[in-house]
Amino acid sequence: MADNASVTQDDAPDAKRMKSESLTSECRTDSIHSSLSDFSSFELQRVLNENAQRKTVFIQGSFKERKGQAIVILEKTPFDEKSIDGILSANSRLKRDFSNDIYGNYECYPEIQFNNIKATIIHPATEKHIQKYESQPVHIIDETPEFYHTLTLPHLQKEQFNLQWVTNIIEHKSEVERIVFEDTDPETGFILLPDLKWDAKQVENLYLVAIVRKTGISSLRSLTGDHLNLLKNLQAKGIKAIEDRYHIAGSQLRVYLHYQPSFYHLHVHFTNLQYEAPGIYPEKAHLLSTVISNIELMSDYYQKATLPFAVKESDNLFSVYEEKGLVKRRGELIYSA
Ligand code: M7G
């Protein structure tokens, strides 16, 4: 049974018939993003997570006189070669920490334009957003086709992130000026644009996302031989567009899909190979070239394969597998000497 289980477009979790956690907002007139210019109305609740290596902090809070939770993600961005001259100038103040022989440590205070922090704000944020960013023990679960059909898919049909932002991009209602490349073919077309995670200021951390036009292809699990033209088209034209715009060779790009993704509308990640982007590890990232090759070898490969995925203990999907005794919380393991 397990090996023959197949995923068709009919059982793919379709956004239209899914109960979604977020509010639907085609064009929010009440959006906080239409008026926000500083953090004076922000009330900090707690730090959800911080990552010294990525120089990122995830904060939960709220905005005064606004309903709902907010998440603020602050990230110190990489240096851009073009800004080095501006930093190493008379306008940057230096405060010496200490010196020892030929060695000295200073605090450097460059001018404001060289000092920005990338801030991503999600408002109103759902409990699912809070779970996504919260620091939590992570587990890897091996999802057989049978587990996909009996556990993962029913869970996704009850609960997943709203896809309104995807619809807005496809329908040219948001981020139109950010589009790097668009192929309008209804079967093989896609839109390539900078990812939410990238400020598009420097190519060192280049990160774009290609969103396919066709709806109903929810994830890697849904891909079959029928999608080869789409995947090859997206690979060739996406790489060419990035080479033309950002002058990074295709051989220096990491092009991959996530499993499980956060958003169940097919999309592909394009990142600079030299950048350790979040989610590039083998428990989550599947190189597009490998995906194409697997499907060429066996058109229903992704319906037959066991696909591992990483999941946080706070994720309701973890509880679904836990209830079946397929995974245990960290604290429940009993060690014997
Ligand atoms: P995923 O694998 O579903 O999620 O990828 P994850 O990588 O967050 O686990 C979805 C991708 O879409 C991520 O890289 C997001 O950063 C990106 N993304 C999400 N949103 C809400 C937006 C958005 O509004 N605009 C753009 N340009 N990218 C987004």
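Shown above is the structure to which this text applies.
Residues numbered from 1 in each chain as written. Predicted model: local features only at pLDDT ≥ 70, side-chain atom pairs only at ≥ 80, totals over all residues. Heavy atoms only, no water.

Draft legend 1. Representation of the packing of helix 3 (residues 145-158) against helix 8 (residues 316-323). Two elements in contact, helix 3 and helix 8, have axes separated by 9 Å at closest approach and are oriented at 145°. Helix-helix and strand crossings are classified by hand; for helix 3 and helix 8 the assignment is right-handed. Each of Phe147, Tyr148, Leu151, Thr152 and His155 in helix 3 lies in contact with helix 8, whose residues at this interface are Asn316, Leu317, Val320 and Tyr321. Here the residues of the contact of helix 3 with helix 8 sort into six nonpolar, three polar and no charged. (Axes fitted to C-alpha atoms, helices over the stretch in contact; angles between N-to-C directions. Helix = DSSP H or I, 4+ residues; strand = E, 2+ residues; numbered from the N terminus. Left-handed = near helix turned anticlockwise from the far one by under 90°. Contact = heavy atoms within 4.5 Å. Nonpolar A, V, L, I, M, F, W, Y, C, P; charged D, E, K, R; others polar.)

Draft legend 2. Summary view of the site of the ligand. By nearness alone, 16 residues border the ligand, and Lys132, Glu175, Asp195, Lys197 and His258 come closest of all. A distance of 2.6 Å is found between a nitrogen atom of the ligand and a side-chain nitrogen or oxygen belonging to Glu175. A distance of 2.9 Å separates an oxygen atom of the ligand from a polar side-chain atom of His267. Bound to the protein, the ligand loses 90% of the 590 Å² it would expose on its own. Of the residues in the shell around the ligand, the class split is six nonpolar, four polar and six charged. (Near = heavy atom within 4 Å. Polar contact = N/O pair within 3.5 Å; in protein donor to acceptor, adjacent residues only side chain to side chain. Areas by Shrake-Rupley, 256 points an atom, 1.4 Å probe, with all protein chains shown as cover.)

Draft legend 3. Quick look at the sheet that holds strand 10 (residues 207-212). Taken in spatial order, the six strands line up as 8-9-10-12-11-13 in an open sheet, and their pairing is antiparallel. Because the sheet does not close on itself, it has two edges, and the strands there are strand 8 (181-183) and strand 13 (285-287). When strand polarity is set aside, the average angle formed by the axes of neighbouring strands in this sheet is 25°. Of the strands in this sheet, strand 11 (253-258), strand 12 (267-272) and strand 13 are in contact with helix 6 (residues 288-297), which crosses strand 13 at around 65°. (Pairing = 2+ DSSP bridges.)

Draft legend 4. Main features of the sheet that holds strand 1 (residues 42-51). Overall, antiparallel pairing links the four strands, which are arranged 1-2-3-6 in an open sheet. Two strands lie at the open edges of the sheet, namely strand 1 and strand 6 (117-125), each paired on one side alone. Looking at each pair of strands side by side, their axes are set apart by 20° on average, direction ignored. In the sheet, strand 3 (residues 69-76) pairs with strand 6 via seven bridges, with the strands oriented antiparallel. By the bridge assignment for strand 6, Val72 is matched with Ile121.

Draft legend 5. The packing of helix 5 (residues 228-246) against helix 6, seen in detail. Interhelical geometry of helix 5 versus helix 6 gives an angle of 155° and a closest axis separation of 11 Å. Between helix 5 and helix 6, the angle falls in the class roughly antiparallel. Crossing geometry of helix 5 relative to helix 6 is assigned as left-handed. Taken together, the residues of helix 6 that come into contact with helix 5 (itself represented by Leu228, Leu231, Lys232, Leu234 and Gln235) are Leu288, Ser289, Val291, Ile292, Ile295 and Glu296. For the contact of helix 5 with helix 6, the class distribution of residues is seven nonpolar, two polar and two charged. (Parallel < 35°, antiparallel > 145°, perpendicular 65-115°, else oblique.)

Draft legend 6. Highlighting the pairing of strand 5 (residues 103-109). Across seven bridges, strand 4 (residues 93-100) lies against strand 5 in antiparallel orientation. Paired with Lys95 across the strands is Glu107, a residue of strand 5.

Draft legend 7. Local environment of the nonpolar core. Of all hydrophobic cores here, the largest spans 50 residues; its most connected members are Leu192, Leu208, Leu223 and Phe270. Looking at which element gives the most residues to this core, the answer is helix 5, with eight residues. What Phe270 contacts, discounting residues up to four positions off in sequence, is Leu192, Leu206, Tyr207, Leu208, Ala210, Leu234, Gly238, Ile239, Ile242, Arg254 and Val255. One finds Leu163, Ile169, Ile211 and Phe263 within the second-largest nonpolar core, a separate group that totals 11 residues. (Core = buried A, V, L, I, M, F, W, Y, C linked by side-chain atoms within 4.5 Å. Buried < 20%, exposed > 50% of the residue type's maximum accessible area, 1.4 Å probe, protein only.)

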